[in-house]
Each structure stands twice: as C-alpha cells, then as structure tokens.
Amino acid sequence: MDGAADSAGAAAPARFCGSRKDGRHCTRPLGHPGLHRHQGAMWTDAGADPLRCPGSGEPGEPAARLANGFPGGRAVCPHCQRFIAIDASGRLAEHDTSDSDEPADETTQRREWFNTHGW
Ligand SMILES: [Zn+2]
Ligand SMILES: [Zn+2]
C-alpha cells in the first residue's frame, strides 16, 4: 500500500456545496448526496434559498443617489430590485436573489430610494 495515494480525509474539501437555507451555507462538499446540512439544520434542494440571480453579469449603470450618497454607485438589479456593485466592465457583480445577511439599514434606504425615484 502506498500511503501517499490515500489522501481521503487528509484535508478539508477545497470546495463546499454552497446551497443555502436562511442564509446558512451548506458545509458539506460540493456534489454531496442527500440533504444539505449546516450544523443542526438540514434541508433539501427544494427548500434551499434561491441562488444566483439571473441579473448577475448584466450591464448596469450607477443609480441616482439619495442626499446621503446611497446607493454609492451601485446599480439597481432589474431582477431582484436590490442594489448591486458594478464591476470594471460595467456589469452587475455576481449576486444571489436574496441576502438574509443584508443589514436592516440597507433595506430601509432601498425603500427610501424607490419612494424617491420610483420603480
Ligand atoms: Zn449541500
Ligand atoms: Zn439581482
């Protein structure tokens, strides 16, 4: 037996599944069978949070700013109606359709922006 060939379990997997539920990332390896899991929580694909927003990579322009500067040069994603950073080529950064880690302040300011500038 060549011990060097048996590296299973020697290191943590470099890539994780990435499925999310309530903002928690599945901590199992990419492509694993069965339920997704994060500590005590388990979920199926059907129960997972929606992932990549189809607006990712679409062209975008910086939205008008409120008096306080919000949204700071980000663009409105036409799919998820959130403010998304624009990359150097003028396209919306990769993002999910929802972000449960979003600060309450962002939600409040987004509402104000849409009240000011309309849908
Ligand atoms: Zn998973
Ligand atoms: Zn989006």
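Located above this text is the structure these notes cover.
Residues numbered from 1 in each chain as written. Chains lettered and ligands numbered in written order. Predicted model: local features only at pLDDT ≥ 70, side-chain atom pairs only at ≥ 80, totals over all residues. Heavy atoms only, no water.

Caption draft 1: Examining the pattern of salt bridges more closely. Going through the model one piece at a time under the given rule, you end up with 5 salt bridges. Here Arg-110 and Glu-102 are joined by a salt bridge, their closest N and O atoms 3.0 Å apart. (Salt bridge = Lys/Arg side-chain N within 4 Å of Asp/Glu carboxyl O.)

Caption draft 2: Spotlight on the side chain of Ser-19. Assignment of secondary structure puts Ser-19 in the segment before strand 1 (20–21). Residue Ser-19 is classed as buried on the basis of its relative accessible area of 6%. (Helix = DSSP H or I, 4+ residues; strand = E, 2+ residues; numbered from the N terminus. Buried < 20%, exposed > 50% of the residue type's maximum accessible area, 1.4 Å probe, protein only.)

Caption draft 3: How the structure looks around the side chain of Glu-102. With respect to the secondary-structure elements, Glu-102 resides in the loop between strand 6 (83–84) and helix 1 (104–117). Owing to a relative accessible area of 18%, Glu-102 belongs among the buried residues under this scheme. Of the polar contacts made by the side chain of Glu-102, one reaches the side chain of Arg-82; its length is 3.5 Å. Here the side chain of Glu-102 touches Arg-110 through a polar contact of 3.0 Å, side chain to side chain. Dropping the residues within four chain positions of it, Glu-102 is found in contact with Arg-82, Thr-107 and Arg-110. (Polar contact = N/O pair within 3.5 Å; in protein donor to acceptor, adjacent residues only side chain to side chain. Contact = heavy atoms within 4.5 Å.)

Caption draft 4: Structural context of the coordination of the zinc ion (ligand 2). Bound to the zinc ion (ligand 2) are the protein donor atoms Cys-53 (SG), Cys-77 (SG), Cys-80 (SG) and His-95 (NE2), situated 2.0 to 2.3 Å from the metal. Classification of the site at the zinc ion (ligand 2) as tetrahedral follows from its 4 donor atoms and the range of 102 to 119° in their angles at the metal. All donors of the zinc ion (ligand 2) come from a single chain, and their spacing in sequence reads C-x23-C-x2-C-x14-H. Here Cys-80 is found in the loop between strand 5 (75–76) and strand 6, whereas its partner His-95 is found in the loop between strand 6 and helix 1, with 15 residues between them in sequence. When sorted by exposure, Cys-80 lands in the same class as His-95, which is buried. (Donors = N, O, S within 2.8 Å, 3.2 Å for Na, K, Ca; no water. Tetrahedral: all angles 85-135°; square planar, octahedral: opposite > 155°, others 65-115°.)

Caption draft 5: Representation of the coordination of the zinc ion (ligand 1). Donor atoms from the polypeptide that coordinate the zinc ion (ligand 1) comprise Cys-17 (SG), Cys-26 (SG), His-32 (NE2) and His-36 (ND1), at 1.9 to 2.3 Å from the metal. Classification of the site at the zinc ion (ligand 1) as tetrahedral follows from its 4 donor atoms and the range of 96 to 127° in their angles at the metal. When the donors of the zinc ion (ligand 1) are listed by position in the chain, the intervening gaps give C-x8-C-x5-H-x3-H. Of this pair, Cys-17 sits in the segment before strand 1 while His-36 sits in strand 3 (residues 36–38), placing them 19 residues apart in sequence. You'll find Cys-17 and His-36 in the same group, each marked buried.

Caption draft 6: Quick look at the environment of Phe-83. In this fold, Phe-83 is placed in strand 6. Assessed through its relative accessible area of 4%, Phe-83 is described here as buried. Considered as a pair, Phe-83 and Ala-63 are 20 residues apart in the sequence and their alpha carbons are 8.4 Å apart. Setting aside residues no more than four positions away along its own chain, Phe-83 makes contact with Ala-63, Phe-70, Pro-71, Arg-74, Ala-75, Val-76, Glu-106, Arg-110 and Trp-113.

Caption draft 7: Spotlight on helix 1. In a regular helix each residue adds 1.5 Å, so 14 residues correspond to 20 Å; helix 1 covers 20 Å between its end C-alpha atoms and thus fits that length. Every buried residue of helix 1 is listed here: Glu-106, Gln-109, Arg-110, Trp-113 and Phe-114. Looking straight down helix 1, one finds its buried side chains confined to an arc of 140°; they lie on one side. Across from the buried face of helix 1, at angles greater than 90 degrees, the exposed residues are Ala-104, Arg-111, Asn-115 and Thr-116. Among the structural elements, strand 5 and strand 6 are those in contact with the buried residues of helix 1. The first or second residue beyond helix 1 is Gly-118, which carries a positive phi of 80°. (Expected span 1.5 Å × (residues − 1). Arc of directions from axis to C-beta.)

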